[in-house]
Amino acid sequence: MSITNIGVVGCGLMGAGIAEVCARAELDVVVVESSEEAAEAGRARLAASLHRAQERGKLDDAEAVLARIRVTTDLPDLADRDLVVEAIVENEQAKVALFRQLDEIVTSPDAILASNTSSIPITKLAVVTTRPGHVLGIHFFNPAPVLSLVELIPSLLTEKSTTEAARTFVQDTLGKHAIDSQDRAGFIVNALLIPFVLSAIRMLESGFATAEDIDAGLVRGAAHPQGPLALADLIGLDTTKAVADSLYEEFKEPLYAAPPLLSRMVDARLLGRKTGRGFYVY
């Protein structure tokens, strides 16, 4: 199938990034946000990112790309989309409710409904629709315009043709690198990454070392581009905890359990870069 009309639900960091990637590939993009305030913030986020790219010589015409993106608050505006990517809060109940709505709204029986979830099993989203064969995970990484990796996660119910259409879209249209994961909480990257980040938080919590020394150890001693605590701040501590909770619920292994420090920081809304303070102050 030809995928040219894209819908994105959510215009936060991930949703805006996915919309930008699609618009830069010369696709028509409609982004839906929950309120006009959130929509305005999303438009500003997109404009800032695209103009930065232009200033750095990564993009010729930011305004031309912006013209291919329409941000709205009306979910029915997604009715004619070939592919809709959900990029809302990492909350299973919210995502399930949205997929029920999208199933009713998106008119084409061949349209693909995808989730950018970091950890929630795709089957739980597919089974609430009347088209489970056309539901899968398409998981981008932050920042989506920069990072080349995308995980494809078909559920047990996803048709092979859906997965292959998504692969063609990701690799040929967007120019990304696709890897395949089974439908398990956390998929490939987060199933490996989150226990590593949680271990660093436990090390800090125990007083074993400072945040700066933990991160410097991994950057300077293991050639990581950034340390695990700085990475957690970039991901968002609420998202980090949500992924950890999803992994622990599925596997019941101690390495996936959120440390008390992480839980308290989320309760205090010290969520990292997006709130100005996490393990570091921004």
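Going by the structure above, here's the rest.
Before going into details, it helps to say that this report is about the structure given with it. (Residues numbered from 1 in each chain as written. Predicted model: local features only at pLDDT ≥ 70, side-chain atom pairs only at ≥ 80, totals over all residues. Heavy atoms only, no water.)

**Some thoughts on the pattern of salt bridges**
Item 1. One pass over the structure, following the stated rule, counts 14 salt bridges.
Item 2. Put simply, K274 and D238 hold a salt bridge, and the shortest N to O gap is 2.8 Å. Of this pair, K274 sits in the segment after α11 (260-267) while D238 is found in helix α10 (residues 237-251), placing the two residues 36 residues apart along the sequence.
Item 3. A relative accessible area of 24% means that D238 is categorised as partly exposed.
Item 4. Each member of the salt-bridge network shares a partner with another, and the members are D28, D80 and R81. (Salt bridge = Lys/Arg side-chain N within 4 Å of Asp/Glu carboxyl O. Helix = DSSP H or I, 4+ residues; strand = E, 2+ residues; numbered from the N terminus. Buried < 20%, exposed > 50% of the residue type's maximum accessible area, 1.4 Å probe, protein only.)

**Focus: unusual backbone geometry**
Item 1. The peptide bond linking N142 to P143 adopts the cis configuration, its omega dihedral lying at 0°.
Item 2. Following the sequence through the fold, P143 ends up in the loop between β6 (135-140) and β7 (149-154).
Item 3. Phi is positive for E26, close to 70°, though the residue is something other than glycine.
Item 4. On the basis of relative accessible area, E26 is assigned to the exposed category, the value being 63%.
Item 5. If you check the backbone angles, A223 has positive phi at about 60° while not being a glycine.
Item 6. Looking at the secondary structure, you find A223 in the loop between α8 (211-222) and α9 (228-235).
Item 7. The exposed category is assigned to A223, whose relative accessible area is 68%.

**Here's the deal with the sheet that holds strand β4 (residues 83-86)**
Item 1. Taken together, 8 strands build an open sheet; the order of strands is β3-β2-β1-β4-β5-β6-β7-β8 and the sheet is mixed. The open sheet has two edge strands with one neighbour each: β3 (69-72) and β8 (177-180). The mean angle between the axes of side-by-side strands here comes to 25°, regardless of whether they run parallel or antiparallel.
Item 2. The pairing of strand β2 (residues 28-32) with β3 spans 4 bridges and is parallel. Bridging from a neighbouring strand, V32 pairs with T72 of β3.
Item 3. Along the sheet, helix α4 (residues 92-105) makes contact with β1 (5-9), β4, β5 (112-115) and β6, crossing β5 at roughly 165°. (Pairing = 2+ DSSP bridges. Axes fitted to C-alpha atoms, helices over the stretch in contact; angles between N-to-C directions. Contact = heavy atoms within 4.5 Å.)

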